[in-house]
Amino acid sequence: MRFVQLLAFLLLTASTTYAQSVVRGPYLQTPTDESIIVMWRTDLLTATSLWYGSHPDSLTLHSTLQNSVRDHTVIITGMEPYTTYYYAVGDGGNVLAGGDLQHRFRTHPLPGEEQPVRVWAIGDFGKGNAGQIAVKQSYLDHPGGEDTDVWIWLGDNAYDDGTDNEYQSKVFGLTGFSDVFSWLPFYPSPGNHDYNEVWSESTLFGIPYSNIPLENHEGPYFDIVDVPEQAEAGGFPSQLEVYYSFDHGNTHFLSLNSEVYDFLNTSDGINQMKAWIEQDLDQNDKLWTVAYFHQPPYSKGSHDSDDFFELVMKAMRERVLPLLEQYDIDLVVCGHSHVFERSHLIHGHYGSSGSWDPATMLKDGDGGNFDAGNAYIKDDLTTTPDGTVYVVCGNSGSGNTDGTMDHPVMVTNSNGPGVYGSFYMDIYRNRLDGHYLLSNGTIGDSFTILKKNLSLSTITDTTICAGDMANRTVLRNGGSDDVVFHWWPTGGDQQTAQLSPDQTTTYTVTATDQLTGQVDSTTFTITVLPTPDATISFNGDSLLVAPGQTYQWYLDGVEMVGATQPFVENPAPGTWTVVVGSGPCSIVSDPFFLGTTGLSKITDPGFTVFPNPTDGLISVMVNGPTEGRMLHLLDQAGRLVRHTPVNGQRVELDISALAIGTYQLMLLHPNGERRTTTVVKE
């Protein structure tokens, strides 16, 4: 039976035989490159089962907990990075939800891997109204919506108080909105409305913004979410669900909590969060860094950051922003003010709007429009203050007609009756594109940040011999997909060049990122050494070759032991070659055939042969030293037919297998001298 048929059967059985059903989710938390958390709620107490695999018809992996709960949590580990899996959930033996294309998840890419990342952000959305549904639907209908990687919540996720019932009716159970939970993990941040219930559960009298330890923050928000407090997905462990961080590919995210402010103004909570931020950003090595939290530092919408009672907004601006900007954070996204606003690229504005000084705080006032040639451009260093873009998107379900909408740091804004929207980002390599998408499907704002992060690796100098070729490849880090290379003086335009200079040459490789205009180069030298001359000549007594540094002579392809001089005295007949070296360069000579005519005779060969003639075994008595000497037996054509080292005064050679005829027996001295005599085989 196909698995999908089995699922249908089990679903039917569950609905007719059992009363339990899934009333919340399933939903996804804390994905990493090899794990994820799946959570759901049933109407009755049941066991916990999860099936998963590479296809809805092949959910071959299974996990079951024999518990009895309504709120179920399963942690899956050991998966492949950047891979899509499908799943189903149940009560032990019965599938209650899943087993289809909508119940899926994709693991993160490996840390630092440059995969495209789509990020969707919604703020102040949990109204349970038509605007909230329209915002979600407009996003899913928009290109790329179905391929989202990161879904961030900007706070005030369930109105009015963040109760469990409000999360159920206005978020997880809202028809037209809840269909995304089965396949899109969310990374939440709480808002003041979520904290209404947190305060009532976390303090004796329910006083908002009490100075209670962050470890004691509790309530429905914290019961619902299961975020990476132990740095399971990258970052630095916060040990808390109050705030946390994670990585996706080459982007680092910080989910901060503006509600740690306290009215007693002790700064205990903010200071604790700041200490963690510093630890987190100290270890961050990702190209892009994005922070998000609820109450924005700048707004002139339904909340005015200049109002004296907006103490939380003021505290985040004055106490947290300087630390984030110390690390040259790229983007800060917030909600709270029920409008959309987007700033210029700015740095150093920590006071009221009246203290705005564009001469010192505005890094780029051209608007950031890529198509108009005005994209914001930063370097990849956290130590240089290139500026940050601030986004307010608090109208993903909450509309607003109030506010002057004229904060001087803002490039654009959007509000009004029935005006709802969300914010999304596309991040790939050294480019980040941000877009404000209205609920009617139109784009209300777009901007681009580019990073100059191109660098070329060093190419080491090398040495070649004249006439040889060197393949050299320049490796690059960073940059866009549109990088152009130029090799000088060759004029090549690829990453690899085949270089064959006829003299020592210094080369320069230049890479230009067409996206940012950044140029980087590297220089190296190829030293060319001359090839030695290996032409053999014969002067009547010796073979000679032009001077080099090293020599090795061969007779009929056999290495002549000890023949390492630029000459061979009294050479035997045959075909000679020599390898002449000069530094790392060497060359093999053309063969030189030496016949018997013209060779000088040596009357005293320095050894005695007996019996001679012979039909088999001969003995050779060597006169004088024997160390390093060799005996070679050559036929009438000068071919080597026997050879042996001289290991003593007497050496025996068995020539019984040789043809009848006359042979030359040669004694080779270490200095290249050859002495010969005739041996007759009967």
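Residues numbered from 1 in each chain as written. Predicted model: local features only at pLDDT ≥ 70, side-chain atom pairs only at ≥ 80, totals over all residues. Heavy atoms only, no water.

**So, the overall build of the chain**
Here is the rule we go by: The numbering of helices and of strands both runs from the N terminus, where a helix is a DSSP run of H or I of at least 4 residues and a strand a run of E of at least 2. To sort residues, take the accessible area from a 1.4 Å probe on protein chains only and compare it with the maximum for the residue type: under 20% means buried, over 50% means exposed, and anything in between is partly exposed. Here a residue-residue contact requires only that any non-hydrogen atoms of the pair lie within 4.5 Å. Using the Shrake-Rupley algorithm and a 1.4 Å probe, accessible areas are obtained, with residue cover drawn only from the displayed protein chains. In this count, Lys and Arg are taken as positive residues and Asp and Glu as negative ones, while His and the chain termini are left out. In this description, the location of a charge corresponds to atom NZ of lysine, CZ of arginine, CG of aspartate or CD of glutamate.
On a plain count of helices and strands, the chain comes out with 8 helices and 45 strands. Across its three principal axes, the chain shows a C-alpha extent of roughly 125 × 70 × 45 Å. Residues classed as buried in the chain amount to 53% of the 682 residues present. Contacts in the chain between residues far apart in sequence, at least 24 positions, make up 66% of those at least 6 positions apart. If you sum the accessible surface of the chain, you get close to 27,600 Å²; carbon and sulfur atoms cover 49% of it. Looking at charge distribution, the chain has the averaged site of its 33 positive side-chain charges lying 7 Å from that of its 82 negative ones.

**Some thoughts on the pairing of strand β30 (residues 519-529)**
It is a general feature of regular strands that their side chains alternate between the two faces of the sheet. Cut-off, in case you're wondering: Pairs of strands are assigned from DSSP output, requiring at least two bridges between the strands.
Direction of pairing for strand β24 (residues 462-465) relative to β30: parallel, over a ladder of 4 bridges. Of the residues in β30, the one forming a bridge with cysteine 465 is leucine 529. With 8 bridges connecting them, strand β29 (residues 505-513) and β30 associate as antiparallel partners. Note on β30: the bridge partner recorded for threonine 505 is isoleucine 526. Taking the residues between adjacent antiparallel strands as the criterion, β29 and β30 are bridged by 5 residues, where glycine 517 takes a positive phi near 80°.

**Concerning the packing of aromatic side chains**
As a reminder, the rule being used: What counts as a ring pair is set by centres within 6.5 Å for rings of Phe, Tyr and Trp (its six-membered ring), and what kind of pair is set by the plane angle: stacked under 30 degrees, edge-to-face over 60, tilted for all other angles. By the criterion adopted, a ring carries a charge over it if an Arg CZ or a Lys NZ lies within 6 Å of its centre and within 35 degrees of its normal.
Here the structure, examined in full by the defined rule, presents 37 aromatic pairs. Arranged with centres 3.9 Å apart and planes meeting at 5°, the rings of phenylalanine 340 and tyrosine 436 form a pair that is stacked. Here phenylalanine 340 is found in strand β14 (residues 340-343), whereas its partner tyrosine 436 is found in strand β21 (residues 431-438), with 96 residues between them in sequence. Classification of phenylalanine 340 by relative accessible area gives buried; the value is 1%. Here tyrosine 436 falls in the buried class, since its relative accessible area comes to 1%. Counting every residue linked through ring pairs, the aromatic cluster contains Tyr27, Trp120, Phe125, Tyr139, Trp151, Trp153, Phe172, Phe177, Phe181, Phe186 and Tyr424. When the ring centre of tyrosine 159 is taken as reference, the NZ or CZ atom of lysine 127 above it lies at 4.1 Å. Against the face of phenylalanine 370 rests arginine 431, its NZ or CZ located 3.9 Å from the ring centre.

**With respect to the state of the cysteines**
Put simply, the rule reads: The disulfide definition used here is simple: a pair of cysteine sulfur atoms within 2.5 Å.
One pass over the structure, following the stated rule, counts 1 disulfide. Covalently, cysteine 465 is tied to cysteine 585 through a disulfide, its sulfur atoms 2.0 Å apart. Its torsion about the S-S bond being -105°, the disulfide of cysteine 465 and cysteine 585 is classed as left-handed. A residue pair is termed long-range when its members are at least 10 positions apart, and cysteine 465 in strand β24 and cysteine 585 in strand β37 (residues 585-588) qualify at 120 residues. Of the two residues examined, cysteine 465 and cysteine 585, each falls in the buried class. We note that cysteine 334 lacks a disulfide partner, and the nearest cysteine sulfur, in cysteine 393, lies 11 Å from it. Cysteine 334 gets classed as buried once you look at its relative accessible area, which sits at 1%. On the basis of relative accessibility, which here comes to 0%, the residue cysteine 393 falls in the buried class.

**Considering empty space enclosed by the protein**
Rules: Only protein atoms enter the 1 Å grid used here. Points where a 1.4 Å probe fits but cannot escape make up a cavity, open sets with protein on both sides within 12 Å along at least five of seven lines make up a pocket, and a residue lines them when an atom lies within 4 Å of a point. Grid points are joined across faces, edges and corners, and a volume is the space filled by probe spheres set on the points. Any residue that is not Ala, Val, Leu, Ile, Met, Phe, Trp, Tyr, Cys, Pro, Asp, Glu, Lys or Arg is counted as polar, Gly included; the first ten are nonpolar and the last four charged.
In total, this model carries 1 cavity of 30 Å³ or more according to the counting rule given. Approximately 50 Å³ is the volume found for the largest cavity. Lining the largest cavity we find Glu113, Glu114, Gln115, Val117, Asn250, Thr251, Trp288, Ile427, Tyr428 and Arg429. Looking at the lining of the largest cavity residue by residue, the class counts come to 4 nonpolar, 3 polar and 3 charged.

**Some details on the sheet that holds strand β39 (residues 607-610)**
As a reminder of what qualifies: To define axes, lines are fitted to C-alpha atoms, for helices over the stretch in contact only, and angles between the resulting N-to-C directions are given on a 0 to 180 degree scale.
Ordered by their spatial adjacency, 3 strands build an open sheet running β39-β40-β43, and the pairing between neighbours is antiparallel. Here the strands that pair on one side only, and so sit at the sheet edges, are β39 and β43 (650-654). Each neighbouring strand pair of the sheet contributes to a mean axis angle of 20°, computed without reference to strand direction. Bridge count for β39 against strand β40 (residues 617-622) is 4 bridges, and the pairing is antiparallel. Residue pairing in the sheet places threonine 608 in a bridge with methionine 621 of β40.

**Some remarks on the confidence of the model for the chain**
Going by this rule: For every residue, the predictor assigns a confidence score, pLDDT, that lies between 0 and 100.
Confidence in the prediction of the chain, expressed as mean pLDDT, is 92, and 95% of residues score 70 or more. Confidence drops under a pLDDT of 50 for residues 1-19, and excluding neighbours within four residues, the segment shows 26 contacts in the predicted structure. Segment residues 598-603: pLDDT under 50, and 12 contacts once partners within four positions in sequence are set aside and those in other chains are kept.

**Observations regarding helix α3 (residues 164-172)**
This is how it is decided: The arc refers to the directions leading from the helix axis to the C-beta atoms.
Taken residue by residue, α3 has Glu166, Tyr167, Val171 and Phe172 as its buried positions. Buried residues in α3, looked at end-on, bunch into an arc of 145°, giving them a common side. For α3, the elements touching its buried residues are β1 (22-29), α2 (130-141), β8 (150-153), β9 (186-187), α4 (192-202) and α5 (220-224).

**Observations concerning the nonpolar core**
Put simply, the rule is: Among the buried residues, those of types Ala, Val, Leu, Ile, Met, Phe, Trp, Tyr and Cys that are joined through side-chain atoms within 4.5 Å form a nonpolar core.
Residues Trp151, Phe181, Leu256, Ile277, Leu324 and Phe423 are the most contacted members of the largest nonpolar core, which totals 103 residues. Among the elements that make up this core, the one with the highest residue count is helix α7 (residues 311-326) (7 residues). Contacts of phenylalanine 181, omitting those with residues within four sequence positions, involve Pro26, Tyr27, Leu28, Trp151, Trp153, Val171, Phe172 and Phe186. Of all hydrophobic cores here, the second largest spans 20 residues; its members include Leu543, Met560, Ala563 and Leu640.

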